[in-house]
Amino acid sequence: MSYQEEEERLRMIQAETERKKRELQMLQEEELRHIRELERIKQQTGGYEEEYDPEMDSAFASVQQPRQSVQIPPQGQYIQNPMAQQQRPVQQPQQQRPVQQPQQQRPVQQPQQQRPVQQPQQQRPVQQPQQQRPVQQPQQQRPAQRPPQNQQRYEKDMGRNKYDDYDDDDDGADFDVAAYRAAERAKKQQAAGGRKPSKAASDTRHQSKKNNNRRPAEEDYEERRPKKKKKKKSAFGRFIRFILFLLLILIVVLAFFVNIILSKFDHIDTEVASRSTSMTGSQYNILFIGQDAREGESGQRSDTMILCTINKTNHTVVLTSLMRDMYVDIPGYGGNRINAAYAFGASGGIEGSVNLLDKTIEEDFGVTIDGNMLVDLGTFLDALISVGNVDMELTAEEAEYMNENPAIGSNTDESDEVWELHEGMNSLTPTQAMCYARMRHVGNSDWERTERQRKLIKAVISKVKHGHLLSGIKIANGVAPCITTDLSKAEILKMGFGIVFGGDMQSYRLPVEGAYYNDNIDGMAVLVPDMEANRNYLQQYMSGEYSEDE
């Protein structure tokens, strides 16, 4: 057989199959009309409930077993269900009741005797594989001749549900269609929204199950969605989130106030500030400058020079005082006292003074300065007022001198205060602290004066480090306007964190004992340092690894 003939044969078979489907649908329609007519007669006569069972003579008998052929009964008789015949004898209601006579006159029964559509079903070999193939076994609940799609379309066209007028038991009670539909709607709502059905819907479904002992075929394979259980949030988790939220708020508030404080510093532009390498290494040097200008004066010499070295590798903070009478070479001006460099650069303003002083220290001692912080007598006193009282230990000589010279604690060198300081630990007021840092006629002149200045700086920083947060913010807020600096806001923060979180401060002085000699040059009493020896000592100081035992 050629390929074209095979295709033609397949098309004929398909056409014949479609024609048989249509004929089968027509037969089903006839059967349903027959059932309705019987029900109508039953309701009119009110008899033969025991003799009649719609399941024996309806299209639903095909759900239980495949239909082999359709036998057309004689007029006045019904098609008996084989399963029912085993349980009860065949009734002959036609002989006893005249109510069946109208069936002989109904024209709807005549096509059943003449319809030839049933003959091919006995001869067609197409139906034989359906009984043998195992894949067709589940179709006993749904006949192969009645696909779900066509069945639904058929029932929609007929205007009735496939479970209407169906009774799965023989007790004579009809299937409760309304109750079943209500239960199905409640079930679908539960699956779609994850909600429990109402009590009324649950009762309706329970009643539907009582009326119908077995569930419909569609309900058998319908999956139930598992309910997702909500995880209970632990109290510990809520507490952690609350703490994190508070910390976030605290950080935002602190950042706001820190930005305000940093904006209060008086900013200048210097040569070291313009370097791209400033404050970038593991070690950086900030020069603290205290110049002795009184109120209304300017262009004075730098009375105090302290190099603050912050070493992030060793976590050390080192204060090294540069004595003002050291005789050094000032670039462009020759040899002179180191504090003269600040005055020589005054022609360029405060920036010129700072630039010349930085250049002198870098060239003479071989260090790199990353930034400067400057105060004068007036701003220094204001800064001490913001800090408040400071605990300091005084010698008997220091206490006696300060009680006799309270004017040194004023930036005008005038005071009418009366002090009663004593040997030992004292809580110094701002003016007393200023007097302590400035006096030079006690002990070994400027040698001990620079040491007292370093002690005072260490006491102020210790008060900030060991005080509470709000106290530190208050002190910083009061000190910031008193300081002139060339550091940016980020660099000021970097320096502040390095000092506060560094170790205990170490304190040194240049020139080193034994590495200088006294001299009188051009009428000036000076200290002439051994530059090579003092450079080596300074490098050891800044590294934080210096030991006096070496």
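In what follows, the accompanying structure is described. The structure presented is a predicted model; accordingly, all values stated were derived computationally and were not measured.

### Some remarks on the overall build of the chain
Counting secondary structure elements, the chain contains 22 helices and 13 strands. Residues classed as buried in the chain amount to 39% of the 550 residues present.

### Regarding helix 21 (residues 489-500)
Here helix 21 contains 12 residues, and its C-alpha end-to-end distance of 16 Å stays within 8% of the 16 Å for a straight helix at 1.5 Å per residue. Those residues of helix 21 lying buried are Glu491, Ile492, Met495, Gly498 and Ile499. In an axial view of helix 21, the angular spread of the buried residues amounts to 130°, which keeps them on one side of the axis.

### Quick notes on the sheet that holds strand 4 (residues 316-322)
Across the sheet, 7 strands lie side by side as 1-10-7-2-3-4-11; this open sheet has mixed pairing. At either margin of the open sheet sits one strand with a lone partner, and together these are strand 1 (266-267) and strand 11 (505-510). Pairing analysis gives 6 bridges linking strand 2 (residues 283-291) to strand 7 (residues 371-376), with the strands arranged parallel. In the strand pairing of strand 7, Ile289 is matched with Leu374. In this fold helix 19 (residues 445-466) packs onto strand 2, strand 3 (302-311), strand 4 and strand 11, with an angle of close to 160° to the strand it touches most, strand 11.

### Some remarks on the environment of Ile499
By secondary structure assignment, the location of Ile499 is in helix 21. Residue classification places Ile499 among the buried residues on the basis of a relative accessible area of 8%. Residues Ile499 and Lys465, 34 residues apart in the sequence, show an inter-C-alpha distance of 9.1 Å. What Ile499 contacts, discounting residues up to four positions off in sequence, is Cys308, Ile310, Val317, Ile461, Lys465 and Met505.

### Thoughts on the side chain of Arg454
Its location among the elements puts Arg454 in helix 19. Look at Arg454: it is buried, it has no salt bridge, and the nearest opposite charge is Glu451 at 5.2 Å. Setting aside residues up to four positions removed in sequence, Arg454 forms contacts with Ile306, Leu319, Ser321, Ser507, Tyr508 and Arg509.

### Topic: the pattern of salt bridges
Per the counting criterion, the structure on display carries 15 salt bridges. The partner of Glu362 in a salt bridge is Arg275, with the nearest N and O atoms 3.0 Å apart. Here the residue Glu362 occupies a position in helix 15 (residues 349-365), and Arg275 occupies one in the loop between strand 1 and strand 2, the gap between them amounting to 87 residues. Across the pair Arg324 and Asp303 runs a salt bridge whose closest N-O atoms are separated by 2.4 Å. Of this pair, Arg324 sits in the loop between strand 4 and strand 5 (327-330) while Asp303 sits in strand 3, and the two are 21 residues apart along the sequence. We note that Arg324, like Asp303, is buried. Salt bridges here are not isolated pairs; linked through shared partners, they connect Glu16, Arg19, Lys20 and Glu23.

### Here's the deal with the pairing of strand 3
Of all the 10 residues making up strand 3, 10 are buried; the element is thus mostly covered by neighbouring parts of the structure. As judged from the 9 bridges shared by strand 2 and strand 3, these two strands associate in the antiparallel manner. Counterpart to Gln283 in the pairing with strand 3 is Asn311. The sheet contact formed by strand 3 and strand 4 spans 6 bridges and is antiparallel. The residue bridging Cys308 from the neighbouring strand is Leu319, located in strand 4. What sits between the antiparallel neighbours strand 3 and strand 4 is a turn of 4 residues, in which His315 has the positive phi angle 55°.

### Observations regarding the nonpolar core
In this structure, Met402, Leu428 and Met495 are the most contacted members of the largest nonpolar core, which totals 50 residues. Of all hydrophobic cores here, the second largest spans 31 residues; its members include Met305, Ile338, Ile369 and Leu510.

### Quick word on the side chain of Gln453
As for its position among the elements, Gln453 is in helix 19. The exposure class assigned to Gln453 is buried, which follows from its relative accessible area of 10%. Here Ala437 takes part through its backbone oxygen, which lies 3.4 Å from a polar atom of the side chain of Gln453. Ignoring sequence-local partners within four residues, the contact set of Gln453 consists of Thr304, Ile306 and Ala437.

What counts and how
Residues numbered from 1 in each chain as written. Predicted model: local features only at pLDDT ≥ 70, side-chain atom pairs only at ≥ 80, totals over all residues. Heavy atoms only, no water. Helix = DSSP H or I, 4+ residues; strand = E, 2+ residues; numbered from the N terminus. Buried < 20%, exposed > 50% of the residue type's maximum accessible area, 1.4 Å probe, protein only. Expected span 1.5 Å × (residues − 1). Arc of directions from axis to C-beta. Pairing = 2+ DSSP bridges. Contact = heavy atoms within 4.5 Å. Axes fitted to C-alpha atoms, helices over the stretch in contact; angles between N-to-C directions. Lys, Arg positive; Asp, Glu negative; His and termini not counted. Salt bridge = Lys/Arg side-chain N within 4 Å of Asp/Glu carboxyl O. Core = buried A, V, L, I, M, F, W, Y, C linked by side-chain atoms within 4.5 Å. Polar contact = N/O pair within 3.5 Å; in protein donor to acceptor, adjacent residues only side chain to side chain.

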